[in-house]
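Architecture at a glance
One letter stands for each residue in the lines below.
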Amino acid sequence: MDEAQDNHAIITKKKPSANQDISDELDLKIKKYLRGEAASFEDLKDRKLKRQLSVREELYGNAAKAAAKAEKWLMPNEGGYLEAEGIEKTWRIKQEAIAKEVGLVNLRNQYDIVLPDLGPYTLDFTSSGRYMAVGGRKGHLGIVDMINLNLIKEIQVAETVRDVVFLHNELFFAAAQKKFVYMYNRDGTEIRCLREHGAALKLQFLKNHFLLASVNKFGQLHYQDITMGEIVGNFRTGLGRTNVMQVNPFNAVVGLGHAGGTVTMWKPTSSAPLVKMLCHHGPVSALAFHPNGHLMATAGKEKRIKLWDLRKFEPLQTLTGHANTLDFSQKGLLACGVGSFVQVLNDVSGTQNYSKYMTHSMAKGYQIGRLAFRPYEDVLAIGHSMGWSSILIPGAGEPNFDTWVANPFETSKQRREKEVRSLLDKLPPETIMLDPSKIGTVKSTYREKPTKQEREAEVEAAVEAAKGTKLKNKTKGRNKPGKKIQKKQDAIARVKRPYLEEKINEEQKISHKKQKTGENIDLPKSLQRFARKKSS
Amino acid sequence: MKVKVISRSVDEFTRERSQDLQRVFRNYDPNLRTQEKAVEYVRALNAVKLDKIFARPFIGAMDGHIDGVSCMAKNPTQLKWIFSGAMDGDIRLWDIASRRTVCQFPGHQGAVRGLTVSTDGRMLVSCGTDCTVRLWNTSVDNLMELGHSTKNSVEPASVHVGKNAFLAVDHQWDGELFATAGAQVDIWNHNRSEPINSFQWGTDSVISVRFNPGEPNLLVASASDRGIMLYDLRMATPVTKMIMMTKTNSIAWNPMEPINFTAANEDGNCYSYDARKLDEAKCVHTDHVSAVMDIDYSPTGREFVTGSYDRTVRLFHYNSGHSREIYHTKRMQRVFCVKFSGDGSYVISGSDDTNLRLWKAKASEQLGVVLPRERKKHEYHAAIKKRYMHLPEVKRIARHRHLPKPIYKAAALMRAMADARKRKQERRKAHSAPGSITTQPLRRRRIIKEVE
């Protein structure tokens, strides 16, 4: 009987712990959707406003909760993974071994396209990951549909091609060629020649703002609005030629890596960089941003790969190794490529501590020029000197896409509708800033009291200024050295006066307060006659 | 080794037949939507701009009267009917949908000053400066019959003659009494030719009278001695009287909070009062630059409409100090009467230029059948506007209204005068003994005294 009761007790004890786990998991999910902490209304004096804001906060909480709960139904697909068993190590697992385990559909994503004559190749994906643009150095441009691996169009421009980038959808792409940047449509027709950019080395497209950013041979950074054709910004970096350029997807700030080891971050509305940080002791060879915008990876020629916290601008981790190209996947895997060797790093613990996850070596002699994770797929595309290749990296892509954000299975009608919508929501260039969540918040005008040192410095500066003023020559008798000294002293005293008065006022206030608090204390009878009399 | 790779078959994500709907997948992860705040801000900005583009509040004018429109009454049982009375003694029934006269009620010799309809919609009461109160039978069958015949005028059911001119009339919400205002407040019954009760406080004439929608025996009246009086029909004497600095032209009870009423004052402001506490207004609604002539609450109780002598109609939120909307046209003259439609979506104004005008209560609202997708979009826009309404650019666009030049100038002048008064008061306070001068809040400043 007792035993049964005990068992019962254990069961009832265990049950809440299981519930606890579920609620913890839900809390974690909710946190993702909450977009930061709730504001505190402690100091708020306006009760009406306090109430309104707290109601609103509650609504946000409910929305996040609903989103977290709906995840189960809306996002049924689980992400990919690779787990080692026993003494296996994940980075020793070869692509061939993975090929044996995965389905036929995924096998199509492991291939090498060998085009020895026109390389090295660079590539770019559309935001949905459906289409890939490739550009061979010797003038070979092409668009590939990645679902059925159809070559949609290929053209030969008979000119050096340094970079290709898709514009807002797969219908248009831009190529940085020998002298100018050109825009092509899907049929290979040249639409525009963007002469202002000059001989661009690297292109990036800011899809929320419809801005095409380029950095050219002379280290000039250009921003062009591709809807109206207007040049929004044209800045000289003044830090030399570079082809290390990457857009931070979180805030659309453009990062440039320079030969001096500095990384600069730019926005189209200021001619000076927002941030200039010394990252390496040698030239910066590659740069990549994590999709959540808080993490940056840089590679230097001095054989270091560094991970940076972009909220504090501090290095989180330094790894040894070269990298000519870096790329973050949607789930935060970091791919580094050098020579004919690809290494993928993973943040296993979730504490931004990256360690080796997978490696892949290509045929000897291939020079990797560009790595790009395909969005919404576990695929890494490699552009190299002999063509391009594709390998499987389990766990790289976001398993659930959103039809309204990026749809790999978009029909032409949906694409047209999306184009119109995205044009309606086109952001002005002013919205590019380091912390985009600042938009819609109030600029605080509250200024703290100046510290003692600051005040002293202010007084000193005022005194110096008073001393420096030159006195006018006065009439005879009033121009004696003694008078002059007197006048100067007077001027100094006059300048000091407001500060002193302020100080006295404050002291009085403090002493008044002290007295007030002191009044209530009962003094011993002998001392009471010295206490301040209360005014009746 | 355990391995899994994302694999999607095309069939799973596309439709089978062309008749099928496209499949939609959602992922609300904030990382997929970068810069969502900026995007929302741009959308909010576009939404306010669209509001401005679509703001066409004027629907049409109803003309037919040959003198200024002095009063209106809405039929509680018929959404599309409205009665109006003019200064020449003409009373008309209008069909709002077609904006035509249904029929006329001839008989008054002078101006019609008050119109009201009984709650069941069967009886129209009118009164005027010819010292008569006329009752008209306005049951639906009766009027429909008339609409089909060629003769479209109605004979009064009864005519009561009083000693003095009548200035206002209002029907009890739940019962068959009605009250007229003139030299005194008279309470009448449908079946009697003499008032069953009358109240008097002072010698001045009573301008307006309004029954409480919640408590049928309570009524509020305003007099030309600048007073607002509360009467209870069960008592022999008035309950309370409060005297303001300027007279109150019209009063409306909030139908959803029947303890509160708003008084349209001669000084251009409206004052919302709690009937239990008349020593301080709950809210002062400023913006009109001339006397407010009439006021009417929306059936939702959230907003009210005012018509003013400055030739504009304004819409106020029930607890905000400034108007949400201003309506004016070049041809509209002094507005003497305004009414909210029974469903709260239209506003009707009657003015000195012999016309009734029909306005939308929400200037940029889409009329007609709204498809579900459209409705959803409107809701999204409303929510996003609400969220970003405090940002300067959004606020500026949302607040901006084109004003007729005289009103713009008068408003600026009044602002300058108010500022000067305030400055003077501050200086006076600074230069006199501390505590000897106290500043009254505006909610209290215009009240002279309260008499029990």
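Residues numbered from 1 in each chain as written. Chains lettered and ligands numbered in written order. Predicted model: local features only at pLDDT ≥ 70, side-chain atom pairs only at ≥ 80, totals over all residues.

The name that an unreviewed UniProt entry assigns to chain B is DDB1- and CUL4-associated factor 13, with the source organism given as Arachis hypogaea. Under the UniProt heading Subcellular location (unreviewed entry), the entry covering chain B gives this text: "Nucleus, Nucleolus". (UniProt positions renumbered as here; feature names shortened; annotations may be inferred.)

Taking an unreviewed UniProt entry as the reference, chain A is identified by name as Probable U3 small nucleolar RNA-associated protein 7 belonging to Arachis duranensis.

Quick look at the overall build of chain A
The helix and strand inventory of chain A stands at seven helices and 29 strands. Relative to a compact globule of 536 residues, whose C-alpha radius of gyration would be 24 Å, chain A shows 33 Å and is clearly more extended. Each principal axis of the C-alpha distribution contributes one length, and for chain A these read about 100 × 100 × 50 Å. Of all 536 residues assigned to chain A, the portion counted as buried reaches 33%. A separation of at least 24 residues holds for 47% of the contacts in chain A among residues at least 6 apart in sequence. (Helix = DSSP H or I, 4+ residues; strand = E, 2+ residues; numbered from the N terminus. Rg over C-alpha atoms; globule rule 2.2 N^0.38 Å. Buried ≥ 20, exposed ≤ 12 C-beta atoms within 10 Å, placed from the backbone. Contact = placed C-beta atoms within 7 Å.)

Focus on the overall build of chain B
Scanning chain B from N- to C-terminus turns up seven helices and 30 strands. Among the 452 residues that make up chain B, the fraction classed as buried is 39%. Long-range contacts, defined as pairs at least 24 residues apart, comprise 50% of the intrachain contacts of chain B with a sequence gap of at least 6.

Quick notes on the sheet that holds strand β25 (residues 313-317) of chain B
All names here are of chain B. Reading across from one edge, β23-β24-β25-β26 is the order of the four strands in this open sheet, with antiparallel pairing throughout. With one partner strand each, in any of the chains shown, β23 (292-297) and β26 (323-327) form the two edges of the open sheet. On average, adjacent strands in this sheet sit at an angle of 20° to one another, irrespective of strand direction. For strand β24 (residues 303-308) and β25, the ladder comprises five bridges, and the chain directions are antiparallel. Residue pairing for β25: G307 is matched across the bridge by V313. (Pairing = 2+ DSSP bridges. Axes fitted to C-alpha atoms, helices over the stretch in contact; angles between N-to-C directions.)

Things to note about the UniProt feature "repeat: WD" (unreviewed entry) in chain A
When the UniProt feature table is mapped to this numbering, "repeat: WD" (unreviewed entry) covers residues 277-318 of chain A. The straight-line gap between the two end C-alpha atoms of residues 277-318 of chain A is 16 Å; of that span, 0% is helix and 60% is strand.

Side note on the nonpolar core
Counting residues in hydrophobic clusters, the biggest one holds 92 residues, and the most contacted among them are L326, L334, A335 and L380 of chain A. Apart from the residues within four sequence positions on either side, L380 of chain A is in contact with A335, L371, F373, I391, I393 and A396 of chain A. Core analysis: the second largest hydrophobic core is formed by 86 residues, M72, V154, V185 and V347 of chain B among them. (Core = buried A, V, L, I, M, F, W, Y, C linked by C-beta atoms within 7 Å.)

Points about the environment of V134 of chain A
Residue and element names in this part refer to chain A. By the element assignment, V134 lies in strand β4 (residues 131-136). Spatially, the C-alpha atom of V134 lies 6.8 Å from that of V164, the residues being 30 residues apart in sequence. Excluding residues that lie within four positions of it along the chain, V134 makes contacts with Y121, L123, G142, V144, V164 and W388.

Details of the interface of chain B and chain A
Facing 33 residues of chain B, the contacting portion of chain A comprises 52 residues. Breaking the side of chain B that touches chain A down by element, the ones donating at least two residues are β1 (2-4), α1 (10-13) and α2 (36-54) of chain B. Ranked by residue count, the leading element in the side of chain B that touches chain A is α2 of chain B, at seven residues. By residue class, the composition of the side of chain B that touches chain A is 17 nonpolar, nine polar and seven charged. With three bridges connecting them, strand β1 (residues 81-83) of chain A and β1 of chain B associate as antiparallel partners. Residue pairing in the sheet places Y81 of chain A in a bridge with K4 of chain B of β1 of chain B. (Nonpolar A, V, L, I, M, F, W, Y, C, P; charged D, E, K, R; others polar.)

Quick word on the sheet that holds strand β19 (residues 284-289) of chain A
All names here are of chain A. Spatially, β19-β20-β21-β22 is the arrangement adopted by the four strands of the open sheet, whose pairing is antiparallel. Of all the strands in the sheet, just β19 and β22 (314-320) have a single pairing partner and so form its edges. Averaged over neighbouring strand pairs, the angle between their axes works out to 20° when direction is ignored. Taken together, the six bridges between strand β21 (residues 304-309) and β22 define a ladder with antiparallel strand orientation. For D309, the partnering residue across the bridge sits in β22 and is E314.

Some thoughts on the UniProt feature "domain: BING4 C-terminal" (unreviewed entry) in chain A
Sites flagged by UniProt as "domain: BING4 C-terminal" (unreviewed entry) map to residues 356-436 of chain A. The span residues 356-436 of chain A shows a helical share of 16% and a strand share of 31%, and its end C-alpha atoms are spaced 32 Å apart.

Re the environment of E460 of chain A
Assignment of secondary structure puts E460 of chain A in helix α6 (residues 452-468). Sequence spacing of E460 of chain A and K496 of chain A is 36 residues, and the spatial spacing of their C-alpha atoms is 8.9 Å.

Description of unusual backbone geometry
Residue P120 of chain A is bonded to the preceding G119 of chain A through a cis peptide linkage, with omega at -15°. In this structure, P120 of chain A sits in the loop between β2 (111-114) and β3 (121-125). Residues other than glycine seldom take positive phi values, yet Q352 of chain A does so here, at roughly 55°. The topology assignment puts Q352 of chain A in the loop between β25 (341-346) and β26 (355-361). Given 14 C-beta atoms within 10 Å, Q352 of chain A falls into the partly exposed group. The backbone of T354 of chain B sits at a positive phi, close to 65°, despite the residue not being glycine. Take T354 of chain B: it is sitting in the loop between β28 (346-351) and β29 (355-360). The exposure class assigned to T354 of chain B is buried, which follows from the 20 C-beta atoms found within 10 Å.

Observations concerning the confidence of the model for chain A
Chain-level pLDDT for chain A is 88 on average; 93% of the residues reach the 70-or-more range. Taken as a whole, residues 1-16 of chain A scores under 50 in pLDDT and shows zero contacts with residues more than four places along the chain or in a different chain. (pLDDT = per-residue confidence, 0-100.)

Overview of the UniProt feature "domain: Sof1-like protein" (unreviewed entry) in chain B
Following the UniProt record, the feature "domain: Sof1-like protein" (unreviewed entry) maps to residues 361-447 of chain B here. When the span residues 361-447 of chain B is considered, its composition is 63% helix and 1% strand, and the gap between its end C-alpha atoms is 31 Å.

Structural notes on the packing of α2 of chain B against helix α4 (residues 372-388) of chain B
Residues and elements named next belong to chain B. Between α2 and α4, the least distance of the axes is 9 Å, while the angle of their chain directions is 110°. Here α2 is positioned roughly perpendicular relative to α4, judged by the angle of their axes. Residue-level inspection shows E40, Y41, R43, A44, A47 and V48 of α2 in contact with α4, the latter providing H381, I384, K385, R387 and Y388. (Parallel < 35°, antiparallel > 145°, perpendicular 65-115°, else oblique.)

A closer look at the packing of α2 of chain B against helix α5 (residues 392-399) of chain B
Residues and elements named next belong to chain B. Between α2 and α5, whose axes approach to 9 Å, the crossing angle comes to 10°. If you check the angle between α2 and α5, you find them roughly parallel. Judged by residue contacts, A44, L45, V48, K49 and K52 of α2 engage E393, V394, I397 and A398 from α5. Residues belonging to the contact of α2 with α5 are distributed by class as follows: six nonpolar, no polar and three charged.

As for the UniProt feature "repeat: WD" (unreviewed entry) in chain B
All names here are of chain B. In this numbering, the UniProt entry assigns the feature "repeat: WD" (unreviewed entry) to residues 62-104, 105-146, 285-326 and 328-369. Taken as a whole, residues 62-104 contains 0% helix and 56% strand, while its terminal C-alpha atoms sit 14 Å from one another. Secondary structure content for residues 328-369 is 0% helix and 43% strand, and the end C-alpha separation is 27 Å.

Side note on the pairing of strand β20 (residues 295-300) of chain A
In the case of a regular strand, side chains alternate between the two sheet surfaces. Residue and element names in this part refer to chain A. Most of β20 is tucked away, with six of its six residues classed as buried. The two faces of β20 match: L295, A297 and A299 on one face and M296, T298 and G300 on the other face are all buried. Strand direction decides the pairing type here: β19 and β20, joined by five bridges, are antiparallel. Across the sheet, the residue bridging to F289 is M296, located in β20. Counting the residues between successive antiparallel strands, the hairpin from β20 to β21 contains three residues, one of them, K303, with a positive phi of roughly 70°.

As for the confidence of the model for chain B
Residues and elements named next belong to chain B. Here chain B shows a mean pLDDT of 92. Residues at 70 or above account for 98%. Mean pLDDT per element in chain B: helix α3 (residues 140-148) is the minimum at 68, and β25 is the maximum at 97. For this predicted complex, the interface confidence reaches an ipTM of 0.79, while the overall pTM sits at 0.83.

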